[in-house]
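So the chains spell out like this:
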Amino acid sequence: MTQTDGYLLDNRQTEAGQRFDAFATLFDPTTFRHIERFGIGSGWRCWEVGAGGTSVVSWLAKKVGPTGRVVATDIDTSWAASAARPPVEIRVHDVGAEEPPGEGFDLVHARLVLVHVPDRERALRSMVKALRPGGRLLIEDADPALQPLLCPDEHGPEQQLANRLRHGFRKLLAERGADLSYGRKLPRLLREAGLREVEADAYFPVTSTACADLESATVRQIRDQLVTAGIATNEDIDRHLASVASGSMDLATAPMISAWGRK
């Protein structure tokens, strides 16, 4: 497999919606806290890159009001389509291959996007270009290499199986061009892109219902790939999904690193 085989977690699959819901529960509070600190308000012009679901887009729309503008883009906009009403504009767009959908934005935000984009350098340049002078860029991406385990407390066979499947998932991502240590690079990359006042932090959920929901949806979404690659059998996957559903395991996510700066 190579990165030309496409995105592993296809938005057209049913499980994608369940993943978006879990991401919203896990990460929206962190995202909203950062954007609130920027002073977002009426009339702001925002570009939400790789929108996926609707939670961030809808929140931005309420913040900017009828005088603002929210451009939400993704390579597949099917899950975001329900938010397509003023001030929200939905566009099919590839941030790593196309020019930005406008300039003069007060805020550009991407969450869990660039780690999967083959031409990350071009995507970052595009987002910086789209900002007005003084505008803010917020990029939030996972760093699975910092914490590669699904079960940090690997104390039994269920946890060992869970971590083996997580290792396989990371292998499939890397084969498709994902940079599994991208999150830690963000502060440096934002400075190199010419941004000022660069800061960063990280959020690392260790156990929650949303972590379990995310794991279940992810494994069901990539089940065929795991089996085809010889990473697991269908029996392994059934056993793991049953363990996840039982609520008996503490499941973690990779740390999500948020980095921001001003143009």
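Our subject is the structure that appears above.
Attention in this report is confined to the structure presented alongside it. (Residues numbered from 1 in each chain as written. Predicted model: local features only at pLDDT ≥ 70, side-chain atom pairs only at ≥ 80, totals over all residues. Heavy atoms only, no water.)

## A short note on helix α6 (residues 209-221)
Stage number 1. Spanning 13 residues, α6 covers 18 Å between terminal C-alpha atoms, matching the ideal 18 Å at 1.5 Å per step.
Stage number 2. Of all 13 residues making up α6, 10 are buried, and the element is well covered by its neighbours.
Stage number 3. Between the side-chain oxygen of the N-cap and the backbone nitrogen of Ala 210 there are 3.3 Å, and the N-cap of α6 in question is Ser 208. (Helix = DSSP H or I, 4+ residues; strand = E, 2+ residues; numbered from the N terminus. Expected span 1.5 Å × (residues − 1). Buried < 20%, exposed > 50% of the residue type's maximum accessible area, 1.4 Å probe, protein only. Polar contact = N/O pair within 3.5 Å; in protein donor to acceptor, adjacent residues only side chain to side chain.)

## Quick look at the nonpolar core
In a soluble, globular protein the nonpolar side chains are often hidden away together inside.
Stage number 1. In this structure, Trp 47, Val 108, Leu 114, Met 127 and Leu 137 are the most contacted members of the largest nonpolar core, which totals 25 residues.
Stage number 2. Those elements giving two or more residues to this core turn out to be β1 (45-49), β4 (105-111), α3 (120-130), β5 (131-142) and α5 (186-192).
Stage number 3. Ranked by residues supplied to this core, first place goes to α3 with five residues.
Stage number 4. Apart from the residues lying within four places of it in its own chain, the contact partners of Leu 114 are Val 95, Arg 120, Ala 123, Met 127, Ile 139, Asp 141 and Tyr 182. (Core = buried A, V, L, I, M, F, W, Y, C linked by side-chain atoms within 4.5 Å. Contact = heavy atoms within 4.5 Å.)

## Side note on the sheet that holds strand β2 (residues 69-74)
Stage number 1. Strand order in the open sheet made by the seven strands is β3-β2-β1-β4-β5-β7-β6, with mixed pairing throughout. Looking along the sheet, the strands with just one partner apiece sit at the ends: β3 (88-92) and β6 (196-203). Going from strand to strand, the sheet's axes swing by 15° on average, the running direction of each strand aside.
Stage number 2. Bridging between β1 and β2 involves five bridges; their strand directions are parallel. Residue pairing for β2: Glu 48 is matched across the bridge by Ala 72.
Stage number 3. Packing against the sheet, helix α2 (residues 55-64) makes contact with β1, β2, β3 and β4, and its axis sits at approximately 165° to β2.
Stage number 4. Contacts from α3 reach β1, β4 and β5, with the element oriented near 145° to β5. (Pairing = 2+ DSSP bridges. Axes fitted to C-alpha atoms, helices over the stretch in contact; angles between N-to-C directions.)

## What to know about the packing of α6 against helix α8 (residues 234-246)
Working note: a packed helix pair is described by the angle between its axes plus the distance between those axes.
Stage number 1. Where α6 contacts α8, the two axes come as close as 10 Å, and the packing angle between them is 160°. The angle between α6 and α8 falls in the class roughly antiparallel. Our pair here, α6 against α8, has a crossing hand that is left-handed. For the pair α6 and α8, contact is made by Ala 212, Glu 215, Ser 216, Val 219 and Arg 220 and by Ile 237, His 240, Leu 241 and Val 244, respectively. (Parallel < 35°, antiparallel > 145°, perpendicular 65-115°, else oblique. Left-handed = near helix turned anticlockwise from the far one by under 90°.)

## A closer look at the packing of aromatic side chains
Stage number 1. Under the definition given, this model contains four aromatic pairs.
Stage number 2. The rings of Phe 23, Phe 27 and Tyr 203 are connected pair by pair, giving a single aromatic cluster.
Stage number 3. Against the face of Tyr 182 rests Arg 120, its NZ or CZ located 5.7 Å from the ring centre. (Phe/Tyr/Trp six-rings, centres within 6.5 Å; stacked < 30°, edge-to-face > 60°. Lys NZ or Arg CZ within 6 Å of the ring centre and 35° of its normal.)

## So, the side chain of Ser 126
Stage number 1. By the secondary structure assignment, Ser 126 is in helix α3.
Stage number 2. What makes Ser 126 buried here is its relative accessible area of 7%.
Stage number 3. With sequence-adjacent residues up to four places away left out, Ser 126 is seen in contact with Trp 47, Val 95, Glu 98, Glu 99 and Pro 100.

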